[in-house]
Structures are given as structure tokens and as C-alpha cells.
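Architecture and fold: a report
So the chains spell out like this:
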Amino acid sequence: MNACRKFRKRIALSRADESNDATLVGHLTECAACRAYAAEISALCDAHKTRAAALPEIDAPARLRQKVASAINEASSTPWLYASLRKALAGAAAAALALLIFTFWNKQQQAPTPVEPASSVLTDNTTEIKPSYAAYRNAFSADELEMALDRYSSAGADDEIYRVGTAFLNSQ
Amino acid sequence: MFSLNPALNAIKLEDSTDLLSRVQQGDAEAFCDLCRVYDGRLLRQAMALCQDASLAEDLAQETLIAAWKSIRRYNGRCRFFTWLCSIMLHRYRKLLRRKRPAALTKETEDSLLNVADAAASPATLNEMKEQAAFLQKCLDNLPHKQRQIVYLRFYVENSLEEIALAVGCSVGTVKSRLFKALENLRKMRALKTLNVE
Ligand SMILES: [Zn+2]
């Protein structure tokens, strides 16, 4: 299984890039798990390609062109305004940065204990699941997954389902 | 005042090189003509991302205006449309942070499917709509850098080399991000299958 791991990236990329990686043929012939993985990735890529191909041709409405044209006219006829705005924004950005650096420095002085960096839950499979999600991990049931998927569909809860899903799949 | 030239309705993509060099010299009228070449395709991609006609139009508009403002930064190393899509993905990222796209309306759902599919049975159409919404939801849940690569590969049909040029990173980085993205999408898909069963 460990040997398979090194093939996964190449399998995935060859499917996504529609390229032929001849070195994979031997392994795929003898490894059912990697064949299944390849089929899964192919299906995934095909789903997106099919969706992209099915997008209808659209003619941009005249109002879109008009809006863009007037925005450009406006920008071109008042270059001084944009120049001043940009200068003002640059000044504000510099001030904000200075404030940020000062605040950070100040915090460092007051609280010497380093803050644990936030890790990427999406890609780091070794990340410990936060306690609030431990319940999902310990007691997975169809109902809980359904509940999680519902939350996934609702606004703002996008990451949670991913954490839950990743935890579940990693625990298998 | 710059105006839209109706005679330029059917500019072909291959004619846009000359327009592009005029645009880069600050010719706003040429930019409006260039918009006519790309705005339909751009709106189509925006519809795929937003799944909402009004949001998609706003996104395409913001993208074109942002493109005009930074046109001098386009270095010609990737296709112009790819460059436009990269800008659009950045704007879309902001949109996602501000507000999740609204649920699909019946009209939008229908407009996202090709007329060629009209012959399909209602059940098949329904399945296609659900599939499209699910795929977009998965894309929305990817980190921006991974979504960018997947989108440029499968929706804009760029090669990995073109994506590297458009995004400004190495082909190796594109490959790493694409692999991570596929792994993440695969897990999301597996989770859905699990739920259905
Ligand atoms: Zn294997």
C-alpha cells in the first residue's frame, strides 16, 4: 500500500493532464487498488470536463457592455481623480501596515508565548481534529453525515463538512 | 466619449492581437471592442462559478473593468482569455468571502444547461442540475489556489504549462496544487456517495 502512495500523484496528474505516463502501466496492471484510484480520478475529471462542455454559449447583454464602457470612460476622463485616489489609498495602506507591525510588536512584548499557527485542514491529513468535531469522528452514523451535509449546503459552514469528511475518510 | 462599435460585432479571436496592442497603449475604444470578443465567453464562465445570472454579470463586469485598469500588466505569456479568467477567479474569491452565492433559481438552473440537453428526460435533467451544483459546491470549498488550477485546467482548458505562466509559478507547483485539489475533490465526492448510499 505504501508503495502505491508514490504512484498516486502520477496517476492523478496523468488523468487530469490526459498525458500518457508509460511507467504507470506495469503497476496499474498488477494493482487493483491503484486501478480503482485511477478510475475514480478519471470519473472526477470527466465530471468537470462534461460540465464545462455543457455550459451554454451566452451573448453578453448590451447593458454589460454599456456598464463596462461607461466605467472605462469615467476612469479615462478623470485620470487626476484616480491618481489622487491611488495616492490616498497607498498612504492609507502604508499607515495600516505600520499600525499592524506596531500592534504585532506590542503583542509580542506583552505576550511572549508563541501563538500556535493555524494549519490547513484541507490538505494536512495529519492535523488533529479539533475537539468540537471529535463527536463526528467518534460516532459516525448515516444521520450525522446527513446532518453534516445539510450544514455543508447552508451558507457559511463550508469548512466544517470538509473537516468532518476528511476525518471520516482518514479514519477508514 | 468612447462608444461601442456595432460593426465590430463579429471580431474573430485571431484579430484581437492588434486590438490588444492598441489597448495596451491606452486606447479605451479598442478595449471596448476587445470586450466584445471575450465578454460572452467570460460571462459563460462567470455563470458556471456564480450559478446566478445577476451575480455572474456583476462578476464579468468587475473583471473587465479590473482588466482595463491593469492592462499594462498583461505580458502576453498566457492567452488573454486565461488572464481574464485569472482576474475573475480573484474577484470570485472575494465574492465567496463576502457572500455565498444564492441557491439556484429554476431559470438559472435551466440556463446553466445546454439547449442540446433539452431532449433529455426530466429525470436526467434533474440529475445533471444536481451534479452541476454539487461540482461547483466542491470547487467553492477548495482553497483558492487549488480552485484556480482546477478551474483553469478543466473549464478554460489550459495546459499545465499555460496555467503556470498565467498564475506565475512553476509547473511543479501547478502539479502539486492540482494533485492536492484532486485529492480534496475525491474525498468530497466519496463523502457524497457515502451519504447517498
Ligand atoms: Zn498500487
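Located above this text is the structure these notes cover.
Bear in mind that the values here come from a model prediction, so they are computed numbers and not experimental data.

1. Structural notes on the coordination of the zinc ion
Residue and element names in this part refer to chain A. Protein ligation of the zinc ion involves Cys-4 (SG), His-27 (NE2), Cys-31 (SG) and Cys-34 (SG), the donor distances falling in the range 2.0 to 2.3 Å. Around the zinc ion sit 4 donor atoms, and with donor-metal-donor angles ranging over 99 to 117 degrees the site reads as tetrahedral. One chain supplies every donor for the zinc ion, spaced along it as C-x22-H-x3-C-x2-C. One end of the pair, Cys-4, is in helix H1 (residues 2-16); the other, Cys-31, is in the loop between helix H2 (22-30) and helix H3 (32-54), with 27 residues separating them in the sequence. On the basis of relative accessibility, which here comes to 7%, the residue Cys-4 falls in the buried class.

2. A short note on the side chain of Gln61(B)
Following the sequence through the fold, Gln61(B) ends up in helix H3 (residues 53-69). In this structure, Gln61(B) is in contact with Leu64(A), Lys67(A) and Val68(A), ignoring residues within four places of it in sequence.

3. Here we look at the packing of aromatic side chains
Residue and element names in this part refer to chain B. This structure, assessed with the given rule, holds 7 aromatic pairs over all chains. Judged by centre distance (5.2 Å) and plane angle (50 degrees), the ring pair of Tyr-74 and Trp-83 falls under tilted. Residues Tyr-74 and Trp-83 agree in their burial class; the two are buried. Here the aromatic residues Tyr-38, Tyr-74, Phe-80, Phe-81 and Trp-83 are joined through ring pairs into a cluster of three or more.

4. A short note on the packing of H2(A) against H3(A)
All names here are of chain A. Viewed as axis vectors pointing N to C, H2 and H3 meet at an angle of 115 degrees, and their least axial separation amounts to 6 Å. As the angle between them shows, H2 and H3 are arranged roughly perpendicular. Side by side, H2 and H3 meet where His-27, Leu-28, Thr-29 and Glu-30 of the first sit next to Ala-32, Cys-34, Arg-35 and Ala-38 of the second. Among the residues forming the contact of H2 with H3, the class breakdown is 4 nonpolar, 2 polar and 2 charged.

5. So, unusual backbone geometry
In this model, Glu18(A) sits at a positive phi of 50 degrees, which is unusual for a non-glycine residue. Positive phi is not limited to glycine here, since Gln51(B) has a value of about 55 degrees. Topologically, Gln51(B) is positioned in the loop between helix H2 (28-50) and H3. Exposure remark for Gln51(B): the relative accessible area of 8% places this residue in the buried category.

Parameters at a glance
Residues numbered from 1 in each chain as written. Chains lettered and ligands numbered in written order. Predicted model: local features only at pLDDT ≥ 70, side-chain atom pairs only at ≥ 80, totals over all residues. Heavy atoms only, no water. Donors = N, O, S within 2.8 Å, 3.2 Å for Na, K, Ca; no water. Tetrahedral: all angles 85-135°; square planar, octahedral: opposite > 155°, others 65-115°. Helix = DSSP H or I, 4+ residues; strand = E, 2+ residues; numbered from the N terminus. Buried < 20%, exposed > 50% of the residue type's maximum accessible area, 1.4 Å probe, protein only. Contact = heavy atoms within 4.5 Å. Phe/Tyr/Trp six-rings, centres within 6.5 Å; stacked < 30°, edge-to-face > 60°. Axes fitted to C-alpha atoms, helices over the stretch in contact; angles between N-to-C directions. Parallel < 35°, antiparallel > 145°, perpendicular 65-115°, else oblique. Nonpolar A, V, L, I, M, F, W, Y, C, P; charged D, E, K, R; others polar.

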